[in-house]
Amino acid sequence: MSKKLAFIFPGQGSQAAGMGQALHDAFPEARAVFEACDAALGEKLSTLCFEGPEEALRLTANTQPSILAVSAAATAVLAARGVRPDLVAGHSLGEYSALVAAGALPAADAVRAVRARGALMQDAVPAGQGAMSAVVGLDPERVRQVCQAVAAAVGQVVSPANYNDPNQTVIAGEASAVARAGEELKKAGARRVMPLPVSAPFHSALMEPVKAGLEPVLRGIAWTQPSVPVVTNVEAKANRDVSRIVPLLVAQVSAPVRWIECVHEMARLGATRMIEVGPGNVLSGLVKRIDKAIEVHHVGDPASLEKTLAALGA
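These numbers come from a predicted model, not from an experiment.

## Comments concerning the pattern of salt bridges
For step 1, the next point in the chain: All chains considered together, the criterion is met by 13 salt bridges.
For step 2, the next point in the chain: The residue arginine 289 makes a salt bridge to aspartate 165 at a minimum N-O spacing of 2.6 Å. With a gap of 124 residues between them, arginine 289 in helix H13 (residues 282-290) and aspartate 165 in strand S4 (residues 158-165) connect regions that are remote in the sequence.
For step 3, the next point in the chain: For arginine 289, a relative accessible area of 46% puts it in the partly exposed group.
For step 4, the next point in the chain: A salt bridge links glutamate 261 to arginine 258; its shortest N-O distance comes to 2.8 Å.
For step 5, the next point in the chain: The network of salt bridges with common partners includes Arg180, Glu184 and Lys187.

## Quick notes on H13
For step 1, the next point in the chain: Burial in H13 covers these residues: Leu283, Ser284, Leu286, Val287 and Ile290. The buried residues of H13 occupy an angular sector of 165 degrees when projected down its axis, which confines them to one face.
For step 2, the next point in the chain: As for H13, its buried residues are in contact with strand S1 (4-9), S4, helix H12 (259-268), strand S9 (271-277) and strand S10 (295-299).

## Description of the packing of helix H5 (residues 60-80) against helix H6 (residues 94-101)
For step 1, the next point in the chain: The geometry of H5 relative to H6 is characterised by a closest axis approach of 9 Å and an angle of 30 degrees between their N-to-C directions. When the axis of H5 is compared with that of H6, the two are roughly parallel. Considering only the axes of H5 and H6, their crossing is right-handed. Contacts between H5 and H6 pair Leu68, Ser71, Ala72 and Thr75 from the former with Tyr96, Ser97, Val100 and Ala101 from the latter.
For step 2, the next point in the chain: Grouping the constituent residues of the contact of H5 with H6 by class yields five nonpolar, three polar and no charged.

## Concerning the sheet that holds strand S7 (residues 230-231)
For step 1, the next point in the chain: The six strands lie next to each other as S8-S7-S2-S1-S9-S10, forming an open sheet whose pairing is mixed. Single-partner strands in this sheet number two, and they are strand S8 (238-239) and S10.
For step 2, the next point in the chain: One ladder, built from five bridges, connects S9 with S10; its direction is parallel. Across the sheet, methionine 274 pairs through a bridge with valine 296, a residue of S10.
For step 3, the next point in the chain: Across the sheet, H5 touches S1, S9 and S10, and the angle it forms with S9 is around 125 degrees.
For step 4, the next point in the chain: With respect to the sheet, helix H14 (residues 302-312) is in contact with S9 and S10, its orientation differing from that of S10 by roughly 145 degrees.

## Quick word on H12
For step 1, the next point in the chain: Taken together, the buried positions of H12 are occupied by Trp259, Ile260, Cys262, Val263, Glu265 and Met266.
For step 2, the next point in the chain: Glycine 270 sits one or two residues past H12 and shows a positive phi near 110 degrees.

## Notes on the nonpolar core
For step 1, the next point in the chain: Judged by nonpolar contacts, the single largest core of 73 residues is most densely connected at Phe7, Leu78, Val88, Leu218, Trp223 and Ile275.
For step 2, the next point in the chain: For this core, the leading source of residues is H5, giving nine residues.
For step 3, the next point in the chain: With sequence-adjacent residues up to four places away left out, phenylalanine 7 is seen in contact with Thr75, Leu78, Val83, Arg84, Pro85, Leu87, Val88, Ala89, Ile275 and Val277.
For step 4, the next point in the chain: Ala6, Val231, Trp259 and Val296 belong to the second-largest nonpolar core, a separate cluster that totals 21 residues.

Thresholds applied
Residues numbered from 1 in each chain as written. Predicted model: local features only at pLDDT ≥ 70, side-chain atom pairs only at ≥ 80, totals over all residues. Heavy atoms only, no water. Salt bridge = Lys/Arg side-chain N within 4 Å of Asp/Glu carboxyl O. Helix = DSSP H or I, 4+ residues; strand = E, 2+ residues; numbered from the N terminus. Buried < 20%, exposed > 50% of the residue type's maximum accessible area, 1.4 Å probe, protein only. Arc of directions from axis to C-beta. Contact = heavy atoms within 4.5 Å. Axes fitted to C-alpha atoms, helices over the stretch in contact; angles between N-to-C directions. Parallel < 35°, antiparallel > 145°, perpendicular 65-115°, else oblique. Left-handed = near helix turned anticlockwise from the far one by under 90°. Nonpolar A, V, L, I, M, F, W, Y, C, P; charged D, E, K, R; others polar. Pairing = 2+ DSSP bridges. Core = buried A, V, L, I, M, F, W, Y, C linked by side-chain atoms within 4.5 Å.

Following this line, the structure appears as structure tokens:
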């Protein structure tokens, strides 16, 4: 099997004020992406990315389009240098960035979609009623079992939301059930359980109400067949069927992100190198902990671009 290059795209939590500005200032193709995204939303999303403030960037309805814009700009810069992926995947929101990279929709349509997704997710559960925690140092299957037992005992929602790496699983649900599960997980041997500073319990059954609002937004997009396989969060399998994109994105809202399996699937499909495209390097760390054989690079600014191009021999 030939050695393949995968692009992977970060989700919420990778945002930081200043992201994307150096790409925008250095490369006309990055500027064009930011201008298209600003025009699509009718506001200066680029200014929010470059200047913050952090509090505004942390609002889910802002975080999602901001990260996507930076990822799409970095993808455009790589494409202009002849670096294109053989397959793509993204973590949660990053799946939309992956679909942009695969040519399934333009960045302008994607930022509008994730602005709506972010707003719907933010509004689905009243503030303070939902929570998420990162569980470190316990087998993912054990985390699932403990959550299942707690959910049954208290009659509330708590379940794995992100299977991030073999040692880190994020759980989500109703705040009191997440707290109770945290205590039980520590008793079961978890090294640490850390509450996350998020505004809603993403990728849990509490996100079901989002689907009715999100589906018509996604149906309003003129999707095209992805030029490369997209390994989806819901199935951890490659998809190129344009008719399945919307159902998979709708299902994704309340389903766990199966990132460990996504990385294994990309490796199975021949990916030996991955580039994390966009802000931060969260996914790079996860990939190294999932499969040490994969060579991981990152492109989020001109310096990391030059380093990655040199490593790839591009």
